[in-house]
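Topology and contacts: notes
So you can see what is in the structure, the chains are spelled out below.
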Amino acid sequence: MTAPLRSGDPVLVKVALGERSYEICIGRGLLASLGPKIAALRPGAKAAIVSDETVAKHHLAAAEASLAAAGIAATAVTVPPGESSKSFPVFERVCEALIAARIERADLVVALGGGVIGDLAGFAAAVVRRGLDYVQVPTTLLAQVDSSVGGKTAIDSRQGKNLIGAFHQPVLVVADTALLDTLPPREFRAGYAEVAKYGLLGDAAFFAWLEANWRELFAGGPAREHAIAVSCRMKAAIVGRDERETGERALLNLGHTFGHAFEAAAGFSDRLLHGEAIALGMTLAFAFSARRGLVAAADAERVERHLAAVGLPTRASQVFGGVPGVDRLMELIAQDKKVKRGKLTFILARGIGASFIAPDVDAAEVRAFLVEKLAER
């Protein structure tokens with residue numbers, strides 16, 4: 001984290017997974033290098049670019065031009081923007097489009113978009129022809145620091161988020177930080193929640209750096225690329241040690257058990273973006289840790305204060321359109337992927353930068369806590 005800030009040369013982060021290792025390339029203007037990178041990685045391959053309609057307007061032509069200049073034939077598949085595209089009907093449509101385009105096992109799928117596209121295209125790549133290689137080209141801050149790295153792919157069930165999917169690692173991640181310039185401010189703020197998460201779960205010095213430098217990060221320049229690189233290095237290291245989330249990788253779900261429940265309760269809609277849900281979830285995770293006497297109340301307040309300062313929601317009352325009662329929230333929490341034999345597992349904290357996996361959390365205790373928090377204004 002203390003490495004000097006630099007601009008110019010791309011930052012390369014390796015995800016070490018033996019013969020399935022790959023690089024994350026981070027820097028401004030990297031979309032133009034997509035074609036040459038793919039040509040070097042898979043000579044003679046064709047590509048299918050999966051994107052959403054909003055991203056396609058901004059970046060599809062540049063991606064296609066880069067591939068064409070490198071002699072790579074490409075097909076474009078576009079879907080509606082938003083979490084609703086992580087559904088069975090849209091998933092089927094993408095799979096059928098890949099097959100119709102005759103994308104073979106020696107070819108590549110390119111996921112050009114945010115977390116929704118990365119999850120959707122990655123899952124399609126995992127199952128079409130029993131497995132295609134794919135490249136992540138994340139276009140949101142959230143995707144660049146989190147969902148594009150680590151091989152988690154999924155669509156949503158009516159019963160919860162990301163419940164249908166597969167672990168399927170990309171072969172390359174190209175994170176062009178210039179693409180973030182077109183993000184609406186709300187989307188950028190939502191992505192920042194995942195950046196803050198890395199400091200909160202395992203790097204107190206990075207969180208302190210974010211408290212001091214978040215405005216520069218939002219403005220762009222070296223601070224932005226530095227924060228993305230630090231986040232990717234931490235995630236790459238954790239994924240390299242625990243690819244399939246049998247232990248340590250679960251720490252990356254800090255804030256997600258509470259957050260996913262609120263996100264599902266809001267109908268996976270613009271009422272509450274994923275990163276906003278995670279900000280709310282992290283605030284609740286630290287507050288719950290403080291209630292249990294695990295972390296100082298001052299630390300929980302510090303987390304809430306920082307997330308609120310950047311404009312993220314930290315209270316249930318801030319969710320547009322309101323949230324359901326505690327019974328529905330507990331039903332959604334019970335569907336969390338970390339639940340084991342019906343026992344709730346949360347990621348809690350003993351301090352900023354000191355998160356841990358807490359198995360067998362008492363549901364009655366969680367319910368009482370949520371009743372209290374839902375009453376706050």
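What this report covers is the structure whose coordinates are included nearby.

All told, the structure shown has 0 disulfides when counted by the stated rule. Here Cys-25 is not cross-linked by a disulfide; its sulfur's nearest cysteine counterpart is in Cys-232, at 11 Å.

Pairing is mixed across the open sheet formed by 7 strands, whose spatial order is S1-S2-S9-S6-S5-S3-S4. Each edge of the open sheet is held by one strand with a lone partner, namely strand S1 (11–15) and strand S4 (74–79). On average, each strand axis in the sheet is tilted by 15 degrees relative to the strand beside it, whichever way the strands run. Those strands touched by helix H3 (residues 88–100) are strand S3 (47–52), S4 and strand S5 (108–113), and its axis lies near 170 degrees from that of S4. Contacts between helix H8 (residues 222–241) and the sheet are confined to S1 and strand S2 (22–27), with S1 contributing the most and set at about 15 degrees to the helix.

Let's shift gears to the environment of Leu-273. Topologically, Leu-273 is positioned in the loop between helix H9 (256–265) and helix H10 (274–291). Distance from Leu-273 to Glu-187, taken between C-alpha atoms, is 7.9 Å for residues 86 residues apart in sequence. Setting aside residues no more than four positions away along its own chain, Leu-273 makes contact with Arg-186, Glu-187 and Ala-190.

Here we take up the pattern of salt bridges. Opposite charge on two side chains lets them pair, provided their charged atoms get close. Inspection of every chain in the model, using the stated rule, returns 24 salt bridges. Between Arg-42 and Asp-133 there is a salt bridge whose closest N-O contact spans 2.6 Å. Pair noted here: Arg-42 is in the loop between helix H1 (34–41) and S3 and Asp-133 is in strand S6 (residues 133–138), with a separation of 91 residues, a long-range link. Given the relative accessible area of 22%, Asp-133 is considered partly exposed. Its salt-bridge partner being Glu-331, residue Arg-328 comes within 3.0 Å of it at the nearest N-O pair. Of this pair, Arg-328 and Glu-331 both sit in helix H12 (residues 326–333), 3 residues apart, which is roughly one turn of the helix. A relative accessible area of 35% places Arg-328 in the partly exposed class. Here Glu-331 falls in the partly exposed class, since its relative accessible area comes to 47%. Each of Glu-83, Lys-86, Asp-119, Asp-156, Lys-161 and Glu-263 takes part in salt bridges that share partners, so that together they form one network.

Basis of the calculations
Residues numbered from 1 in each chain as written. Predicted model: local features only at pLDDT ≥ 70, side-chain atom pairs only at ≥ 80, totals over all residues. Heavy atoms only, no water. Disulfide = S-S within 2.5 Å. Pairing = 2+ DSSP bridges. Helix = DSSP H or I, 4+ residues; strand = E, 2+ residues; numbered from the N terminus. Axes fitted to C-alpha atoms, helices over the stretch in contact; angles between N-to-C directions. Contact = heavy atoms within 4.5 Å. Salt bridge = Lys/Arg side-chain N within 4 Å of Asp/Glu carboxyl O. Buried < 20%, exposed > 50% of the residue type's maximum accessible area, 1.4 Å probe, protein only.

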